[in-house]
Structure formats: C-alpha cells, structure tokens
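Analysis of the macromolecular model
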Amino acid sequence: MMQRDYVQDLSAKVGQEVTLRGWLYNKRSSGKIQFELLRDGTGICQCVVVKNVVGAEMFASCDTISQESAIAVTGIVQATEKAPGGFELSVTKVDIMGAGGDYPITPKEHGVEYLMEHRHLWLRSQRPWATMRVRDTLIVAIRNFFHERGFICFDSPILTPNAAEGTSTLFETKYFDEGMAYLSQSGQLYGEAGAMAFGKVYVFGPTFRAERSKTKRHLNEFWMVEPEVAFMDLEGDMELAQEFVHYVVGKVLAERRSELSILDEGSGRLVQRCEQVLKPFVRMHYDEAAKILDKYWDEKLASGEELPPTFKRFEYGDDFGAYDEVALTSLYDAPVIVHHYPAAVKAFYMKRDPNEPDKALAMDVLFPGFGEIIGGSQREDNYDVLVSRIEEHGLPMAAFEWYLDLRRYGSVPHAGFGLGLERLVMWVCDLEHIREAIPFPRTLTRIWP
Ligand code: 4AD
Ligand code: MG
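Of the regular secondary structure elements, the protein holds 14 helices and 18 strands. With the C-alpha coordinates aligned to their principal axes, the bounding extent of the protein is approximately 85 × 60 × 40 Å. Per-residue burial over the protein gives 50% buried out of 449 residues. The long-range fraction of contacts in the protein, counting pairs at least 24 apart against all pairs at least 6 apart in sequence, stands at 68%. Element-wise, carbon and sulfur atoms account for 53% of the exposed surface of the protein, whose accessible area totals about 21,000 Å². When the 49 basic and 66 acidic side-chain charges of the protein are each reduced to a single mean position, those positions are 6 Å apart.

Listed below in structure tokens is the structure:
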C-alpha cells in the first residue's frame, strides 16, 4: 500500500519530511508568507509557505489556491504551540490536484437551513466533522460493550409485515404479491426471537417512524440499538442501561476530548456534561415522578411565568411530554430512570406488574435537562395475556403468529431496551437539533441531499 502521512500522526514525525494530502480549509497571507490550513479528514495542519524557500513561481501559484482545492503539501514537521493542533509544516512543495471552484460554504456565518441544503459539503467543516467522529466512537463503543459481554449482534429486517411500535407511524411500501410491507420502527420483536436462540443479543440498525413531528429531537429515520436478554427482568434491564451508558459515554471522554473541545470552543463544558451521566442514575416510580411534576407545574403556573403555546399540563395517567421530561430531569444532576408507567399509554408487548396491574414493567432513561434517551421494558411472556393485548390494541393477529410462537415454545421472562443513537450524539455534543447528529438527516421536510 502507498505510504501515507496523516495529520493525526504528525506528533511522531517531528523533524521529518512528510507529504500531506487533503483540501485547503482556509488560508491567510502576509506578503512573503502564506499560512494554508490543510485538512485531510484526520485533522487540520497549518502549512507555512515562505517565498524565499519555495521560490516566486510556486509561491504565486499557492496564492491562487481557493478554498477546498485538493492539494498535496510536502514539508518538514515542526512542533509549535502557535499552530492549531500543535504542529505545522515548513513547506517545500505544493501540488494542486483539483481546483476548489467557487465553494458555497465560506468561513463566514451561514444559516442552518442553507448549510443543510449543502450537507454533502458541510460535513467537511469543523463542527460536523467533530460531531461525526463522536458518533463513530459511540457506535464502536456500543458494539464493543455488547461484544465484550457475550451478546450476539443480531440483525433484524428493515422490511417487515407488521408494526412494532404503534400503527400510526408506519412507512409503507407494496411488497410484490404479499401485500404491504412496512419499514421497521424497531428491531425489538425480532430481537426477542434472537434472545430465545442466543440468550443475549443486540439489534443495531436504522429504524423508521413516519411521525409528522417537527420537534428538535425527532427524525423519521434514525439508528437504534436494542439489546434483548432472556431471563432478565425490569431490574436487570435498568442495571444494564446504566452500565451501558457509563461505558459508551466513558469512551467518548477517553477518546474524543479534542472533538468535544472543537464543539464547546475549548470551554470544557461538554466534558462536564458527559461526567454528569457517569453518576449512578436516580430511579423513580411513575407515581413519584407524577407527584413531583404536579408540584412543579403548580408552582410554575402560579408564578405567572409564560409557557409556550404548545405546552400541555401533565395529568396523572399521561405519558410524559417533552416539557415534563425536561422539567423533571432539571431537578437532578444525573440521569433519571422513571419506571412503572401506566400500561394504558405503553406498547402492547410490555408485561404488567402483577402487584400493580395498571402499570407496565417499563422504564425510560431521561437525561438531565433533556429527556428520553432510552426506552425499555420487561416483555409479556404469557401466551394468553399477549393474545388479549394484541386484540385490545386492534393489531392483526395473523401478522404476530411467529411472535406468539416465542410464548408457545419455552417462554421465559425477558427484557430489553432501545437507545436512539442520534439522541445520544445530540446530548453528548449538546446540539441544538437532532438533524446534526446524523450525516444525512431525514425529517418531515427534508429528504435532500
Ligand atoms: O421508546 P421507543 O419507541 O422504544 C422502542 O422502540 C422499543 N422497541 C425499544 C426496545 O425496548 N427495544 O424508542 C427507543 C428510543 C427512544 O428512547 C429514543 O432515544 C429513540 O429510540 N427514538 C427516536 N430518536 C430519534 N427520532 C425519533 N423519531 C425517535 N423515536 C424514538
Ligand atoms: Mg419511548
């Protein structure tokens, strides 16, 4: 393979000659000296071009290089505090490999809508670059966490014959002569089959929700990781979720400090943010959370503080809305797990607590000042009860026959959860909107580029 030099490896090459290949990120010049910032995907390196060193001709041609031109720059690596990243190149030679043209994204401020229209190019800029590298670390950490604990990676289909998470948010497509197929909203039901075959599995793939929702935390296509474990109850599920979050966020802290520092402009704020979720999680029964929220909103409304027009006052029995989750978690500086939600507002497959038959053995992990990152539950394992739940929810029994087989043949207690990858990326990077947490977001109004 061709010997390559990368910006990320420069610390080991001080004093040596290297050739960096990349693109011109930005430049400034002062008469006889030009500072060209080259980005090669692994980082950014300041390349110092001195007229006396490279000669008048090369110096003049460097002057014409426009932003995002592809270039190969040869020079000697110098350690210096002044340059971003701590190293710079004393340039001996510059090759222009591809002109940058009139690049649409300039160092000036652009609006997010404009940048999203140019997402395919915007990804080259520092903030998206740092964000996607954090995302990559989370993905690798997610896989390693489960792999190290003996979970099998179990891929579920994307084209499915039935709904997993409610019928109102299905994308549908015609499937040959078999009728309608739906894009998977969750791999969980297949994960349950996997758990009965392999004991511990995790599904990790794209999921689809045809929600007409315009919130800052909903995508119509997102990635979800869903562990599913045989012989595990709700308690075990909550423990697994905490251990899992600690592990993956811990990896970001260990491996992506410089990306976090690009995102928080060196303030250290994002490191503190991550450290918050490394604490033991607060656990709270729905009833207790409901009481706290009641008091919270009573006080808010009494204070005369103006609430947004979309605000809806929580009532006992409701699922929590975004405002409730933010309010509740703002009272703690660690994640909060709310468990025992009213069964009536939760999915058909959740088992009910025999001691509180109106409550589901369900839990949500809510992050501080943010809200739901994880949703999970112990699953209904009794055949007859599950049949009546499918009926109550008006779901087509025939489509669930294979799922019911899991209760016909050796049914055991089992549990799992789902974590939305983009929600986690959004939280770790403190992004304004979830659309920046995925390379090419799909939202209600965006399917381009
Ligand atoms: O709470 P949800 O709907 O749960 C499930 O799908 C279960 N089948 C999971 C399981 O038990 N195996 O979704 C799980 C997580 C949410 O907590 C959230 O992080 C994310 O998926 N999520 C979304 N992320 C982005 N955009 C959306 N529209 C999302 N809907 C859910
Ligand atoms: Mg949920």
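Alright, that's what it looks like, and here's the rest.
Moving on, we get to the site of ligand 1. Looking at ligand 1, there are 24 residues lining it, with Glu-165, Gln-188, Glu-226, Glu-372 and Ile-373 nearest. Backbone polar atom of Ile-373 to an oxygen atom of ligand 1: 2.8 Å apart, as the coordinates give it. About the coverage of ligand 1: the protein hides 93% of its 620 Å² of free accessible area. Contributing elements (two or more residues each) for the shell around ligand 1: strand 11 (221-230), strand 17 (371-378) and strand 18 (414-420).

To continue, consider the nonpolar core. Grouped together as the largest cluster of nonpolar side chains are 57 residues, with contacts concentrated most on Phe-244, Ile-374 and Val-428. Examining the composition of this core, we find that 11 residues originate from one element, helix 7 (residues 234-255), more than from any other. When sequence neighbours within four positions are dropped, the list of residues in contact with Phe-244 reads Ile-142, Phe-145, Phe-146, Val-225, Ile-374, Phe-417 and Leu-419. Counting residues in each nonpolar core, the second largest holds 32 residues, with Ala-289, Phe-314, Ala-362 and Phe-400 among its members.

Charged atoms that come close allow side chains of opposite charge to pair. Within this structure, the stated rule accounts for 34 salt bridges. With a shortest N-O distance of 2.7 Å, Glu-259 and Arg-133 are connected by a salt bridge. Here the residue Glu-259 occupies a position in helix 8 (residues 257-263), and Arg-133 occupies one in helix 5 (residues 126-148), the gap between them amounting to 126 residues. Under the relative-accessibility criterion, Glu-259 is labelled buried at 2%. Between Lys-300 and Glu-305 there is a salt bridge, and its shortest N-O distance comes to 3.4 Å. Overall, the relative accessible area of 42% leaves Glu-305 in the partly exposed class.

Note that the residue after Trp-448, namely Pro-449, is joined by a cis bond; omega there is -10°. Note that Pro-449 resides in the segment after helix 14 (421-429). In this structure, Glu-68 is a non-glycine residue whose phi angle is positive, near 70°. Assessed through its relative accessible area of 6%, Glu-68 is described here as buried. A positive phi angle, close to 55°, is found at Glu-265, a residue other than glycine.

With their axes 10 Å apart at the nearest point, helix 6 (residues 188-198) and helix 13 (residues 401-408) run at an angle of 35° to one another. As helix 6 runs across helix 13, the sense of the crossing is left-handed. In this structure, helix 6 contributes Gln-188, Leu-189, Tyr-190, Glu-192 and Ala-193 to the contact, and helix 13 contributes Trp-402, Tyr-403, Leu-406 and Arg-407. Looking at the contact of helix 6 with helix 13 residue by residue, the classes come out as six nonpolar, one polar and two charged.

Applying the stated rule across the entire model yields 26 aromatic pairs. Between Phe-145 and Phe-244, the ring centres sit 5.3 Å apart and the planes meet at 70°, which makes this aromatic pair edge-to-face. Within this pair, whereas Phe-145 is found in helix 5, its partner Phe-244 is found in helix 7, the two being separated by 99 residues in sequence. Phe-244 matches Phe-145 in its accessibility class, with the two residues each being buried. Measuring from centroid to centroid gives 6.0 Å for Phe-204 and Trp-223, while their planes differ by 90°, and the two rings are edge-to-face. Note that Phe-204 is positioned in strand 10 (residues 200-208) and Trp-223 in strand 11, a separation of 19 residues in sequence. With relative accessibility at 6%, the residue Phe-204 sits in the buried group. Judged by relative accessible area, Trp-223 falls into the partly exposed class, the value being 29%.

The next subject is the sheet that holds strand 6 (residues 152-153). Within a sheet, adjacent strands bond to each other through the backbone by hydrogen bonds, running parallel or antiparallel. Strand order in the open sheet formed by eight strands is 6-10-11-18-17-16-13-12, with mixed pairing between adjacent strands. Sheet topology places strand 6 and strand 12 (282-285) at the edges, where each strand pairs with a single neighbour. The sheet contact formed by strand 16 (residues 362-367) and strand 17 spans six bridges and is antiparallel. Across the sheet, residue Asp-364 finds its bridge partner in strand 17, namely Gly-375. In the packing of helix 14 onto the sheet, contacts are made with strand 10, strand 11, strand 16, strand 17 and strand 18, and the angle to strand 18 comes to roughly 55°.

A word on the domain arrangement of the protein. Its domain assignment divides the protein into domain 1 (7-98) and domain 2 (120-437). For the pair domain 1 and domain 2, the two sides together bury roughly 510 Å², of which 42% comes from carbon and sulfur. Looking only at domain 1, the three residues that lose the most surface to domain 2 are Tyr-25, Arg-39 and Gly-41, adding up to 55% of its buried area. The interface formed by domain 1 and domain 2 holds one salt bridge in total. Taking the shortest distance from any N to any O, the salt bridge between Arg-124 and Glu-68 comes out at 2.8 Å. There are three residue pairs in polar contact (both at pLDDT 80 or more) connecting domain 1 and domain 2. In terms of residue class, the side of domain 1 that touches domain 2 is built from three nonpolar, four polar and two charged.

Thresholds applied
- The residue numbers shown here count from 1 along each chain, following its written sequence.
- Chain letters and ligand numbers both follow the written order, the letters beginning at A and the numbers at 1.
- Restriction of local features to residues with pLDDT of at least 70 applies here, the model being predicted, together with a cutoff of 80 or more for giving and counting side-chain atom pairs; totals for whole chains, interfaces and linings are based on all residues.
- Heavy atoms from the whole structure form the basis of all side-chain values; hydrogens and water molecules are not counted.
- Secondary structure elements are taken from DSSP: a helix is a run of H or I of four residues or more, a strand is a run of E of two residues or more, and numbering for both begins at the N terminus.
- Using a 1.4 Å probe on the protein chains alone, a residue whose accessible area is under 20% of its type maximum counts as buried, one over 50% counts as exposed, and one in between counts as partly exposed.
- In what follows, residue pairs with any heavy atoms lying within 4.5 Å of each other are defined as contacts.
- The accessible surface values rely on the Shrake-Rupley method and a 1.4 Å probe; as for residues, cover is taken only from the protein chains in view.
- Neither His nor the chain ends is counted toward charge; the positive residues are Lys and Arg and the negative residues Asp and Glu.
- Where a charge lies is defined by one atom per residue type, namely NZ (Lys), CZ (Arg), CG (Asp) and CD (Glu).
- Nearness is judged by heavy atoms alone; a residue qualifies as near a molecule or strand once a single heavy atom is within 4 Å of it.
- Polar contacts here mean pairs of N or O atoms no more than 3.5 Å apart (in protein, one a potential hydrogen donor and the other a potential acceptor; neighbouring residues in sequence count only if both atoms are side-chain atoms).
- Remark: nonpolar core denotes a set of buried residues (Ala, Val, Leu, Ile, Met, Phe, Trp, Tyr, Cys) joined through side-chain atoms within 4.5 Å.
- Salt bridges are defined as contacts in which a side-chain nitrogen from Lys or Arg sits within 4 Å of a carboxyl oxygen from Asp or Glu.
- Here an axis means a line fitted to C-alpha atoms, over the contact stretch when the element is a helix, while the angle between two N-to-C directions is reported on a 0 to 180 degree scale.
- In this scheme the crossing of two helices becomes right-handed for a clockwise turn of the near helix relative to the far one and left-handed for an anticlockwise turn of less than a right angle.
- Any residue that is not Ala, Val, Leu, Ile, Met, Phe, Trp, Tyr, Cys, Pro, Asp, Glu, Lys or Arg is counted as polar, Gly included; the first ten are nonpolar and the last four charged.
- Classification of ring pairs rests on two measures: the distance between centres of Phe, Tyr or Trp rings, Trp counted by its six-membered ring, which must be within 6.5 Å, and the angle between planes, read as stacked under 30 degrees, edge-to-face over 60 and tilted in between.
- For two strands to count as paired, DSSP must find a minimum of two bridges between them.
- As annotated, the domain borders come from an automatic or database domain assignment.
- Defined in terms of a 1.4 Å probe, buried area is the accessible area two parts forfeit on being brought together, summed over both.

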